[in-house]
Amino acid sequence: MRRIIASLFFALVLLPCAGDLHADEGRFLYDVRIEFTEGGSVSSLLEDGRSFGLGRVVKLPEKTRWPSYTASAWGSSSSVVASAVNALHILIGVEDGQGRTMSVIPQETIAPAAGAGASVGLD
């Protein structure tokens, strides 16, 4: 049951945030803010100033993943370079032609795609 709830959370709440660039106007419609501290808040901030709570940070990464998957090097730093039902992968930077990523995952998952210790866990 927890896996279903976590999957629904990512599918309905966080995954739409990965595509938050409005293609017609080239501007962001909303930002997802994650306070990088245990217990920190996760919220969505709309361009009109309204904010909505999405959850809390329950685990911080101990490291980043390098080298990450090949296509990660083709993204823009500080942007989502991949998403799935169990994670959002954010490009930290490119070193020696290979991407360095950190992921955002639900607190409980059976498939932590980020690798051990290379993710922010959310409730």
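Anything mentioned here points back to the structure above.
Just so you know, these numbers come straight off a predicted model, no measurement behind them. (Residues numbered from 1 in each chain as written. Predicted model: local features only at pLDDT ≥ 70, side-chain atom pairs only at ≥ 80, totals over all residues. Heavy atoms only, no water.)

A. How the structure looks around the overall build of the protein chain. When you go through the protein chain residue by residue, the secondary structure sums to one helix and nine strands. Reading the helices (α) and strands (β) of the protein chain from amino to carboxyl end gives α-β-β-β-β-β-β-β-β-β. Sequence separation of at least 24 residues holds for 39% of the intrachain contacts in the protein chain that already meet a minimum separation of 6. Taken as a whole, the protein chain presents about 7300 Å² of accessible surface, with 55% of it coming from carbon and sulfur. (Helix = DSSP H or I, 4+ residues; strand = E, 2+ residues; numbered from the N terminus. Contact = heavy atoms within 4.5 Å. Areas by Shrake-Rupley, 256 points an atom, 1.4 Å probe, with all protein chains shown as cover.)

B. Structural context of the sheet that holds strand β3 (residues 30-34). Across the sheet, seven strands lie side by side as β3-β4-β5-β9-β8-β7-β6; this open sheet has mixed pairing. Looking at which strands have only one partner, the edges of the open sheet turn out to be β3 and β6 (80-84). In this sheet, neighbouring strand axes are inclined to one another by 30° on average, regardless of whether the strands run parallel or antiparallel. Alignment of strand β4 (residues 41-46) against strand β5 (residues 51-59), held across five bridges, turns out to be antiparallel. Looking at β5, one finds that serine 41 is bridged to arginine 56. (Pairing = 2+ DSSP bridges. Axes fitted to C-alpha atoms, helices over the stretch in contact; angles between N-to-C directions.)

C. Spotlight on the side chain of serine 44. Position of serine 44 relative to the elements: it lies in strand β4. The residues contacting serine 44, other than those within four sequence positions of it, are Tyr30, Asp31, Val32, Arg50, Ser51, Phe52 and Leu54.

D. Fine view of the pattern of salt bridges. Summed over the entire model, instances satisfying the criterion amount to three salt bridges. A salt bridge links aspartate 31 to arginine 33, with the shortest nitrogen-to-oxygen separation between them at 3.4 Å. Here arginine 50 and aspartate 48 are joined by a salt bridge, their closest N and O atoms 2.8 Å apart. We classify arginine 50 as partly exposed; its relative accessible area is 47%. (Salt bridge = Lys/Arg side-chain N within 4 Å of Asp/Glu carboxyl O. Buried < 20%, exposed > 50% of the residue type's maximum accessible area, 1.4 Å probe, protein only.)

E. Structural view of the nonpolar core. Among the nonpolar cores identified, the biggest contains eight residues, and these are Val42, Val57, Leu88, Ile90, Met102, Val104, Val120 and Leu122. The set of elements that each furnish at least two residues to this core consists of β7 (87-95), β8 (98-106) and β9 (119-122). (Core = buried A, V, L, I, M, F, W, Y, C linked by side-chain atoms within 4.5 Å.)

F. Region of interest: the environment of aspartate 48. Within the secondary structure layout, aspartate 48 lies in the loop between β4 and β5. Once the C-alpha coordinates of aspartate 48 and tyrosine 30 are considered, the two residues, 18 residues apart in sequence, prove to be 8.9 Å apart. Polar contacts involving the side chain of aspartate 48 include one to the side chain of arginine 50, which spans 2.8 Å. (Polar contact = N/O pair within 3.5 Å; in protein donor to acceptor, adjacent residues only side chain to side chain.)

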